[in-house]
4 protein chains.
Amino acid sequence: MPFEHTSERRIEFSETDMAGLVHFSNYFRYMETAERDFFEACGLDLINSKPGFVVGWPRMRADCRFSAPLRFGDTIQIHLAVKAVKDRAIEYQFRIFRKNPDGTRTQAAKGGFTTMFTMLDPDNGMLRSLDLPPEIRAGIQPAPPDALKRPADL
Amino acid sequence: MPFEHTSERRIEFSETDMAGLVHFSNYFRYMETAERDFFEACGLDLINSKPGFVVGWPRMRADCRFSAPLRFGDTIQIHLAVKAVKDRAIEYQFRIFRKNPDGTRTQAAKGGFTTMFTMLDPDNGMLRSLDLPPEIRAGIQPAPPDALKRPADL
Amino acid sequence: MPFEHTSERRIEFSETDMAGLVHFSNYFRYMETAERDFFEACGLDLINSKPGFVVGWPRMRADCRFSAPLRFGDTIQIHLAVKAVKDRAIEYQFRIFRKNPDGTRTQAAKGGFTTMFTMLDPDNGMLRSLDLPPEIRAGIQPAPPDALKRPADL
Amino acid sequence: MPFEHTSERRIEFSETDMAGLVHFSNYFRYMETAERDFFEACGLDLINSKPGFVVGWPRMRADCRFSAPLRFGDTIQIHLAVKAVKDRAIEYQFRIFRKNPDGTRTQAAKGGFTTMFTMLDPDNGMLRSLDLPPEIRAGIQPAPPDALKRPADL
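Residues numbered from 1 in each chain as written. Chains lettered and ligands numbered in written order. Predicted model: local features only at pLDDT ≥ 70, side-chain atom pairs only at ≥ 80, totals over all residues. Heavy atoms only, no water.

Colleague: How should the overall build of chain A be read in this particular structure?
Modeller: Secondary structure assignment for chain A yields three helices and nine strands. The globule rule puts the C-alpha radius of gyration for 154 residues at 15 Å, and the 17 Å found for chain A is close to it. With respect to the three principal axes, the spread of C-alpha positions in chain A is 50 × 35 × 25 Å. Counting the 154 residues in chain A, one finds 57% classified as buried. Restricting to contacts in chain A with at least 6 residues of sequence separation, those with at least 24 account for 69%. (Helix = DSSP H or I, 4+ residues; strand = E, 2+ residues; numbered from the N terminus. Rg over C-alpha atoms; globule rule 2.2 N^0.38 Å. Buried < 20%, exposed > 50% of the residue type's maximum accessible area, 1.4 Å probe, protein only. Contact = heavy atoms within 4.5 Å.)

Here you go:
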């Protein structure tokens, strides 16, 4: 059962700020890219939205440590690992790597978020947490300790 | 009946790019700020969203000419003027001014967008244009030619 | 000599808004992705930045017409065509297509921007336009009328 | 000597996502708004940028816990408190409150970031940390424990 995924993308000009580096808020958007790709690789729908009934994954917490700057044009790899599967939530770890011209890669950030399975109550517009549905329980699993520690492969 | 509005805001660090200037896509977001404030000043709801029934204003077109750069920390004024009220759409003109330390202001951009009154069809998820509702017809009007041409007052 | 380019990317969750569609300001960011890829395909540097000397391409104007909504998870193609090469500026046309599950594609937007070759004056922080350098003149050319009109190939 | 600051702003339409809520990455941008306002209130420059010499505050880490959703049109207050002043870094705590129509407010998030005083090395483009300059040491101080715990005043 899948517990990790690596996505790759380029840094866009609009993601930089006047310091010449990627704005730190965008690292959290990069994490989301890997989350979507992970769900797709698992054959699961991340968002299940029909008019009048929206099920989604609001974030309960997020954190990131930044260890190397990212710049316009860099190619990055975002490694997702499932840290924990709770009754109503999933906890992810992400590591972001910059691919260097010489073929090596540099870890640029390590972080994570916890995301709660939730529906929008049609009566009052409030969020209500739900137990993870069976297809998600059956589709993903926590990463073994090694997968959280070892550098993801290129 | 109202036909113009001026909003004021600061430029955020996250809105700059590595050229040290505000990224041009953000000018369109500034226009939206003035649109929201204009609707509020008119006592109208910009978004009318109940579960299963969403009415909104997708944009049909947008344009902008950039005449002076904006930088982190600048205070800007965004002047909205209603250019035309159509059966199912509203056309806006926006001018964005940078407030200078000496009390003058510099026009940084002029642009606009046309926005269509629309509902999301609950059956198929498609957008369907609607006639403007009476409260909007009664609440706003096109700006007289002068208001489109004259520099907005500080 | 190159005069067009097609880039492909996915729509991110963070690019949607509460209407469930891609926020219109992001279409301009998609155009930039194709501009960067076009320069790379031509072997040219889009940004030439050394400390104390920054050369870039601020936008003089931008516009877009939106003809079909884009949603989270869509795969889009962004077709760039060089509309005009001026002394100090380049004018681009962009068309954005959504790839449909059945293999067809739908035009979602058509727009463009004009971008001026500029350096940042180290003495006063002002932008100064410059003649296009020879490597850019030699590296790109305006698209023939057909390339601006015909649907870009998948 | 100042150790806290409260900023106020509105939620923009472009800051929401298809779940109808503010995208979580934007909470980090709201924190930055309070940081800029805090520096201004202290009479300090957040960014000191001359051509060839850029001094700034890249983030070393950031985190946030989300406790209540924010929606388009909400007015929020962002309370900054200085958690620690290190040799080369400042650690901030932020709490974000939503102002309710009835005059109360709801804590929507609590988080923070640590930011390092840094210059861009003109020779190799690398970031180098620097000791905090005297005017910053003299201008701000860590918040007393109470200020980190007590609800900020409206």
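Back to the text.
Colleague: Where do I start with the pairing of strand β5 (residues 75-85) of chain D in this structure?
Modeller: In regular strands, side chains alternate between the two faces of the sheet. Residue and element names in this part refer to chain D. In terms of burial, β5 is largely enclosed, as nine of its 11 residues are buried. Pairing of strand β1 (residues 4-10) with β5, which is carried by seven bridges, proceeds in the antiparallel orientation. Within β5, the residue paired with Thr6 across the bridge is His79. Of the pairings in the sheet, the one linking β5 to strand β6 (residues 89-99) comprises nine bridges and is antiparallel in character. Counted as the bridge partner of Ile76 is Arg98 from β6. (Pairing = 2+ DSSP bridges.)

Colleague: Is there a simple way to think about the relation of the copies chain D and chain A in this case?
Modeller: Overlaying chain D with chain A gives an RMSD of 0.0 Å, the required rotation being 180 degrees about an axis along which the chain moves by 0.0 Å. The operation mapping one copy onto its partner corresponds to a two-fold rotation axis. In terms of proximity to the rotation axis, the leading residue of chain D is Asp63 of chain D, whose C-alpha is 2.0 Å off the axis. Of the interface residues in chain D, 100% have counterparts in chain A that sit at the interface too, so the contact is made through matching surfaces. (Least-squares fit on C-alpha atoms with pLDDT ≥ 70 in both.)

Colleague: Can you walk me through the side chain of Thr33 of chain B in this structure?
Modeller: You can see Thr33 of chain B is positioned in helix α1 (residues 25-41). Separated by 2.7 Å, the side chains of Thr33 of chain B and Glu12 of chain D make a polar contact. Once residues lying within four places of it in the same chain are set aside, the contact partners of Thr33 of chain B are Ser7, Arg9 and Ile78 of chain B together with Glu12 of chain D. (Polar contact = N/O pair within 3.5 Å; in protein donor to acceptor, adjacent residues only side chain to side chain.)

Colleague: When you look at the sheet that holds strand β6 (residues 89-99) of chain B in this model, what are you seeing that I'm missing?
Modeller: Paired through backbone hydrogen bonds, the strands of a sheet run either parallel or antiparallel to each other. Read from one edge to the other, the open sheet built from 10 strands follows the order β1(B)-β5(B)-β6(B)-β7(B)-β4(B)-β4(C)-β7(C)-β6(C)-β5(C)-β1(C), with strand pairing classed as antiparallel. Both edges of this open sheet fall to β1 (4-10) of chain B together with β1 (4-10) of chain C, since each of them pairs with a single strand only. Strand-to-strand twist across the sheet, computed as the mean angle between neighbouring axes with direction ignored, equals 20 degrees. Across seven bridges, the pairing between strand β4 (residues 59-66) of chain B and strand β7 (residues 105-116) of chain B is antiparallel. Bridge pairing in β7 of chain B places Phe66 of chain B opposite Ala109 of chain B. Taken strand by strand, helix α1 (residues 25-42) of chain C contacts β4 of chain B together with β1, β4 (59-66), β5 (75-85), β6 (89-99) and β7 (105-116) of chain C, and its axis lies near 125 degrees from that of β1 of chain C. (Axes fitted to C-alpha atoms, helices over the stretch in contact; angles between N-to-C directions.)

Colleague: I'm lost on empty space enclosed by the protein in this one. Help?
Modeller: It is a probe the size of a water molecule, rolled over the atoms, that shows where empty space is left. Enumeration over the complete set of coordinates arrives at one cavity of 30 Å³ or more. Here the largest cavity is characterised by a volume of approximately 540 Å³. In this structure, the largest cavity is lined by 39 residues; those nearest its centre are Arg29 of chain A, Arg29 of chain B, Asn26 and Arg29 of chain C together with Arg29 of chain D. Every element with two or more residues in the lining of the largest cavity is listed here: α1 (25-41) of chain A, α1 of chain B, α1 of chain C together with α1 (25-41) of chain D. Here the lining of the largest cavity is composed, by residue class, of four nonpolar, 19 polar and 16 charged. (1 Å grid on protein atoms, 1.4 Å probe; cavity = no way out; pocket = protein on both sides within 12 Å on 5 of 7 lines; lining within 4 Å. Points joined across faces, edges and corners; volume = space filled by probe spheres on them. Nonpolar A, V, L, I, M, F, W, Y, C, P; charged D, E, K, R; others polar.)

Colleague: What am I meant to see in the sheet that holds β6 of chain D here?
Modeller: If you trace the 10 strands from one edge of the open sheet to the other, you get β1(A)-β5(A)-β6(A)-β7(A)-β4(A)-β4(D)-β7(D)-β6(D)-β5(D)-β1(D), paired in antiparallel fashion. If you trace the sheet from one side to the other, it starts and ends with β1 (4-10) of chain A together with β1 of chain D, each paired once. Strand-to-strand twist in this sheet, taken as the mean axis angle between neighbours without regard to direction, amounts to 20 degrees. Sheet strands touched by α1 of chain A: β1, β4 (59-66), β5 (75-85), β6 (89-99) and β7 (105-116) of chain A together with β4 (59-66) of chain D. Its angle to β1 of chain A, the strand with the most contacts, is close to 125 degrees.

Colleague: What should I look at first to understand the environment of Met126 of chain A in this one?
Modeller: Examined against the element boundaries, Met126 of chain A turns out to sit in the loop between β8 (118-120) and β9 (127-129). If sequence neighbours within four positions are ignored, Met126 of chain A has contacts with Met119, Leu120 and Asp121 of chain A.

Colleague: What should I look at first to understand the interface of chain B and chain C in this one?
Modeller: It is common to report an interface's size as the accessible area lost on association of the parts. Between chain B and chain C, the contact holds 24 residues from the first and 24 residues from the second. Buried surface at the junction of chain B and chain C, both sides included, amounts to about 2,100 Å², of which 62% is carbon and sulfur. Joining chain B to chain C, the criterion identifies zero salt bridges. Linking chain B with chain C are 10 residue pairs in polar contact (both at pLDDT 80 or more). Within the residue set of the side of chain B that touches chain C, elements represented by two or more residues are α1 and β4 of chain B. By residue number, the principal contributor to the side of chain B that touches chain C is β4 of chain B, which donates eight residues. Here the residues of the side of chain B that touches chain C sort into 13 nonpolar, four polar and seven charged. (Buried area = accessible area lost by both parts, 1.4 Å probe. Salt bridge = Lys/Arg side-chain N within 4 Å of Asp/Glu carboxyl O.)

Colleague: Mind showing me how you'd approach the interface of chain D and chain A here?
Modeller: Taken residue by residue, the interface counts 24 residues in chain D and 24 residues in chain A. Interface area for chain D against chain A, summed over the two sides, is near 2,100 Å², with a carbon-plus-sulfur share of 63%. At the surface where chain D touches chain A, the tally comes to zero salt bridges. Our count for the chain D to chain A interface comes out at 10 residue pairs in polar contact (both at pLDDT 80 or more).

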